[in-house]
Amino acid sequence: MKVHPLLKALSNETNLQILTLLGSGSFHPRELARLLQRDETDVSRRLKQLEKLGLVAGRWVRVGDRNVRVYSLRTGEIRVELKPGEIRVRAGEEEFDETLLRPKRVPPVENFVGRREELDLLLGSKGVVVIYGMAGIGKTFLAARAFPSACWYSFTGLEDFYYLTWQFGLFLNSLGWGELTEYLRGGGRSEADVFELITEGLEATRGTVVLDDLHKCEDERVLRMLTYLAPRLREGRIVVTTRVKPNLGADGVTYLELRGLKPEEAYELVRMKGEKMDPEEFAGLYGLTLGHPLALNLLLEGQIREKRQENLFDFLFGEVYKELGEDERLMLSILALFDEPVEYEAIKALYRKKNAFSVLYSLLRRGLIERKGDGYSIHELLRGFLREVSNLESAQYYGAYSDYLAEKETPADFLRAMKYAIASGDRERVRKLVAFRITKMKLVITDFPTAYLRILSPLSEEPAVKLEMGMVYFQKGLYEKAKKLWLEAEPVLEGVFKAEVESLLADLSMELGDMGSAGEYLEKTRKLAEELKDLYTWLSYYMEKTKYDYRRGDVEGALESAFKELEIVRELKDVQEEPLILLHIGDIYAGMESYERAVTYYGEALELSKAYGIRFLEHATYMELAKAYYGLKNYGKAVEYATKAAEYFLKLRNYRRAADSIAYRCVSYLALGELEKARTDAWELVRIAESTNYPLGWAGYLFLGAAERLEGREGEEYFGRGREKLRGNERLYDAVLGELEKILTSKVNKVPPEHL
Ligand code: ADP
């Protein structure tokens, strides 16, 4: 095979991200797509290409009655040999070179002048570095010059803290440190954990992250994070550019105020632009701009020598603008509508003339627009002027851009699509996006709740938007807020929206313990599903019905309904939901003490979640398997599965689930007579209870007491302590004692149970 296609594939950042992710195990394309925030078709296409090149291997895994394709790395090593006139690439002993991994979006820097001292300061710094100063003074340019291989993130004002956290996770992943993404994928959301993990990751990888335009960020948790990180980073570094100096304290923070270029530096810029200027002329130029680089650029571009002080930028740009052609003005006016970079493909669609590329290029060359990431934008200082002089119909452009973004089908693009749909003022477009979110973009609610809420809020009186905002509140556990919005929206909504809100109200009523209302809402959902003949609506209906029947003790009904769910998701090919439903079916059987059957369905859930790389679900299933095997008195297997679950949840800092798993392992050890191991687990449980106050943790004392009993001692002190700690949790206390009683009676016949 030829080398060229291979190198081309390797020079693509997304491909490299895929390869490094595969370095940590095998994945289904959909889970990879989620991690990379790209759409699944694109990821599948890339995987096929990489497979053809022999870098990854796809294999079919038999899951139930179907085959699913999962991918893994075929070789962890690629060797590139450069010889005179020839390149050879082989899978060899050497490792991937890190420098291949160009992290994201560092803006290109050309014609950079001066700033020696600032560069020295930056390169010698650790911890948090803040570069602040007025717009256009060169903060971004300087940071990009100093750290060309940093992870780059530009704030737009839309993001919330977790959105940013995912970016950190991806960056650290690309450097071989996967714990943060693992934590986030597992649903971890604790601020303290995230701070700690980011610190650990940056330290371990010695990574540098640039946060550009911090002043746009509206989530105060980002400032808290920086204050936390600053004194703790010894090897890693976070560089912040901002117009407003933030107060992050002094510990571990370096502040750098950026001012204009020095005269000699400014002169170098003039020369670089190919201008000849006598000293007097240069002195005038410098006096006017005080070395402000963007102003210097504009002046040089516009050939302006007149000296005027008020509204300097508008004046300067006005002069340049006069010289521009129609097409260039149109292009600039379009870009001025957006306060973030716009992708080339989208620009073509918005601009709609054939010469988009050459016009863009000419503007770029003149320094009037800049490249940022995948897109182009106009400098903020010039945007205001353009918005004033241009008379474009903004709604139409916002609408078109929203449509463009919606087609990309990733959560991040979805958020932006919604923002522009709302800006376009077209409610029909907003409703379409809501419908799309309900069926295809469920992760937006769990992964980016705050950002979504902020985007929606300008149109909060629209019923479909109320539905969405209620979703976010519901997800956050703010039930009353959710209820208020849904009750307002319910009478006005129609079709699938109405069905959705009815099923959500059913769910909410169950959470609030109002089974009567839940039943009524459920019935309304069913009627709508019949009317609409819509599979998604049927799915929502059955999901709620399963829960409803189960809570009312109608286990048979719940089971039947759960199988309906399974049928529908299989028809919809919804890979995220299917393993979850299988898990629930297992739970229902386990609740009926049909452990054999439970194990069968857990097994299927396990197979699927493994095949799709959904690690959280995989480990949640191990935990359930441990319980089921415990029920079957197969204590060896219970220990095996509980261990897998416990290790994972401890790593994720999900202490509730970790404690559940450890508790099952602990009783299993007791049943097996492995008392030392049981004691270790019991103490671990007590430790968890001490730091989290999770009641089950206190059962550790009861387990310690049981271990004593099994060795013929009283253990009364431990039992007493356990009883005391579990006061107020009598049901839990009784349940644990009930289990222990079974073990003790079968093991130590001489101790009658009433002594417990
Ligand atoms: P800020 O981030 O402070 O708003 P930028 O870094 O975007 O400002 O700088 C604005 C423009 O000024 C850049 O696009 C670049 O053309 C020019 N510029 C800034 N600093 C320099 C420099 N040191 N050398 C050459 N040009 C510079």
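These numbers come from a predicted model, not from an experiment.

Chemist: Give me the lowdown on the confidence of the model for the protein chain, citing residues and values where you can.
Modeler: Summary statistics for the protein chain give a mean pLDDT of 87 and a share of 94% for residues scoring 70 or more. In the predicted structure, residues 91-103 sits below a pLDDT of 50 and forms 29 contacts with residues beyond four places in sequence or in another chain. Long-range and interchain partners of residues 749-756, a stretch whose pLDDT sits below 50, account for eight contacts in this model, where long-range means more than four residues apart.

Chemist: Provide a residue-level description of the packing of helix α23 (residues 449-456) against helix α24 (residues 463-475), including the pertinent values.
Modeler: Contact geometry of α23 with α24 gives a least axis separation of 10 Å together with a crossing angle of 155°. Between α23 and α24, the interaxial angle falls into the category roughly antiparallel. Crossing of α23 over α24 shows left-handed handedness. Facing P449, Y452, L453 and L456 of α23, the residues of α24 in contact are V465, E468, M469, V472 and Y473. Tallied by class, residues from the contact of α23 with α24 come to eight nonpolar, no polar and one charged.

Chemist: Outline the pattern of salt bridges, listing residues and values.
Modeler: With the rule as written, the count across this model stands at 60 salt bridges. For R679, the salt bridge identified is with E711, shortest N-O distance 3.0 Å. Of the two residues, R679 is situated in helix α35 (residues 675-692) and E711 in the loop between α36 (695-710) and α37 (716-725); the sequence distance between them amounts to 32 residues. Classification of R679 as buried rests on a relative accessible area of 13%. Across the pair E711 and R713 runs a salt bridge whose closest N-O atoms are separated by 2.6 Å. With relative accessibility at 41%, the residue R713 sits in the partly exposed group. Through salt bridges with shared partners, a single ionic network connects D339, E340, E343, K408, D413, R416 and K419.

Chemist: Summarise the packing of helix α5 (residues 116-124) against helix α6 (residues 139-146); cite the residues concerned and give the values.
Modeler: Between α5 and α6, the least distance of the axes is 10 Å, while the angle of their chain directions is 55°. In terms of orientation, α5 and α6 fall into the oblique class. Crossing hand, α5 versus α6: right-handed. Taken together, the residues of α6 that come into contact with α5 (itself represented by E118, L119, L122 and L123) are L142, R145 and A146. Class assignment for the residues of the contact of α5 with α6 results in five nonpolar, no polar and two charged.

What counts, and at which threshold
- Residues numbered from 1 in each chain as written.
- Predicted model: local features only at pLDDT ≥ 70, side-chain atom pairs only at ≥ 80, totals over all residues.
- Heavy atoms only, no water.
- pLDDT = per-residue confidence, 0-100.
- Contact = heavy atoms within 4.5 Å.
- Axes fitted to C-alpha atoms, helices over the stretch in contact; angles between N-to-C directions.
- Helix = DSSP H or I, 4+ residues; strand = E, 2+ residues; numbered from the N terminus.
- Parallel < 35°, antiparallel > 145°, perpendicular 65-115°, else oblique.
- Left-handed = near helix turned anticlockwise from the far one by under 90°.
- Nonpolar A, V, L, I, M, F, W, Y, C, P; charged D, E, K, R; others polar.
- Salt bridge = Lys/Arg side-chain N within 4 Å of Asp/Glu carboxyl O.
- Buried < 20%, exposed > 50% of the residue type's maximum accessible area, 1.4 Å probe, protein only.

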